[in-house]
Amino acid sequence: MYKPNEILLYGVKLNDKHDFAEIPFDSEVTVQQSTIALRLLVQKTGDALGTKPVERDRVSIIVAYGYAYEGGCYRFDKPRLLLFAPASEEANAQGCGFEGFNPPYKMWRITAKTMLLEVATSVGLAEDLVLTANLPGNRPPNTYGNHMELAHRGGKLNRSGG
């Protein structure tokens, strides 16, 4: 059935077995002889820690690898970590080359107006994530200092405004 504003997301559900998503973090740091992980737990606003989380069938925490829209298949430039309340149940992926995997990829039908929360994560050495990423030329343009020259009443342009 064709729906003009439908988007099919393809990926893996991280909170499939538990009410939380767990992202393993392999590093030199071990805690009691085990690796550490980041856990994402969704709760209602105002709930104190330790209260019951939102059930896993009411919210999906997924790693999305691609999507389909208006008959076209697209791949993300890198996997996206997305949280959303699905309008429909997930199903085994069909189409766009995501079928036939074991364990199977999943597919979610959402609309263009579905509210998503994207969590951006990066893993790497401090040298790459902090030092190299912040060299001039590697930073996003909005992080550089911008100077605006304003016109003074006397016609003199300056940066101090005086």
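Refer to the structure presented above.
Residues numbered from 1 in each chain as written. Predicted model: local features only at pLDDT ≥ 70, side-chain atom pairs only at ≥ 80, totals over all residues. Heavy atoms only, no water.

**Q** Quick question: what am I supposed to make of the overall build of the chain here?
**A** When you go through the chain residue by residue, the secondary structure sums to 1 helix and 10 strands. Each helix and strand of the chain, placed in order from N terminus to C terminus, yields the pattern β-β-β-β-β-β-β-β-α-β-β. Taking all 162 residues of the chain together, the buried fraction comes to 21%. For the chain, the share of sequence-separated contacts (at least 6 apart) that also reach a separation of at least 24 residues comes to 54%. (Helix = DSSP H or I, 4+ residues; strand = E, 2+ residues; numbered from the N terminus. Buried < 20%, exposed > 50% of the residue type's maximum accessible area, 1.4 Å probe, protein only. Contact = heavy atoms within 4.5 Å.)

**Q** Just to check I follow, could you spell out the environment of Asn-92 for this structure?
**A** Looking at the element boundaries, Asn-92 is found in strand 6 (residues 91-92). Overall, Asn-92 belongs to the partly exposed group, its relative accessible area being 42%. Placed 81 residues apart in sequence, Asn-92 and Gly-11 show a C-alpha to C-alpha distance of 9.8 Å. Non-local contacts of Asn-92, meaning those with residues more than four positions away in its chain, are made with Pro-104, Tyr-105, Lys-106 and Met-107. A polar side-chain atom of Asn-92 sits 3.1 Å from a polar atom in the side chain of Lys-106. (Polar contact = N/O pair within 3.5 Å; in protein donor to acceptor, adjacent residues only side chain to side chain.)

**Q** Help me understand the packing of aromatic side chains in this model?
**A** For any pair of aromatic rings, geometry is given as the distance between the ring centres together with the angle between the planes. Evaluated as defined, the whole model comprises 7 aromatic pairs. Each ring, one from Tyr-67 and one from Phe-76, has its centre 5.3 Å from the other, and the planes form 35 degrees; the classification is tilted. For the ring pair Phe-84 and Trp-108, a centre distance of 6.3 Å and an interplane angle of 90 degrees mean the geometry is edge-to-face. With Phe-84 in strand 5 (residues 72-84) and Trp-108 in strand 7 (residues 106-111), this residue pair connects regions lying 24 residues apart in the sequence. Given the relative accessible area of 0%, Trp-108 is considered buried. Among the aromatic residues, those joined into a ring-pair cluster are Tyr-10, Tyr-65, Phe-98, Phe-101 and Tyr-105. (Phe/Tyr/Trp six-rings, centres within 6.5 Å; stacked < 30°, edge-to-face > 60°.)

**Q** So what exactly am I meant to see when it comes to a nonpolar patch on the surface here?
**A** Side chains of Leu-129, Val-130 and Leu-131 sit close together on the surface and give an oily, nonpolar patch of about 280 Å² of accessible area. Note on placement: Leu-129 falls in helix 1 (residues 126-131). Owing to a relative accessible area of 38%, Leu-129 belongs among the partly exposed residues under this scheme. (Patch = residues over 30% accessible without salt bridge, like charges linked within 9 Å, V, L, I, M, F, W, Y side chains within 5 Å. Areas by Shrake-Rupley, 256 points an atom, 1.4 Å probe, with all protein chains shown as cover. Salt bridge = Lys/Arg side-chain N within 4 Å of Asp/Glu carboxyl O.)

**Q** Where do I start with the sheet that holds strand 4 (residues 60-69) in this structure?
**A** Two pairing modes exist for strands in a sheet, parallel and antiparallel, and in both the strands are linked by backbone hydrogen bonds. What the 6 strands build is an open sheet, ordered 6-7-1-4-5-8; its pairing is antiparallel. At either margin of the open sheet sits one strand with a lone partner, and together these are strand 6 and strand 8 (117-119). Pairing of strand 1 (residues 6-13) with strand 7 involves 6 bridges; the strand directions are antiparallel. Note that in strand 7 the partner of Ile-7 across the bridge is Ile-110. (Pairing = 2+ DSSP bridges.)

**Q** For this particular structure, what's the right way to read the pattern of salt bridges?
**A** Two side chains that carry opposite charge are able to pair once their charged atoms sit near each other. Applying the stated criterion across every chain yields a total of 4 salt bridges. Arg-109 is paired through a salt bridge with Glu-6; the nearest N and O atoms lie 3.1 Å apart. Residue Arg-109 is located in strand 7, and its partner Glu-6 is located in strand 1; the two are separated by 103 residues in the primary sequence. We classify Arg-109 as partly exposed; its relative accessible area is 37%. We classify Glu-6 as buried; its relative accessible area is 14%. Asp-77 is paired through a salt bridge with Arg-80; the nearest N and O atoms lie 3.1 Å apart. Judged by relative accessible area, Asp-77 falls into the exposed class, the value being 67%.

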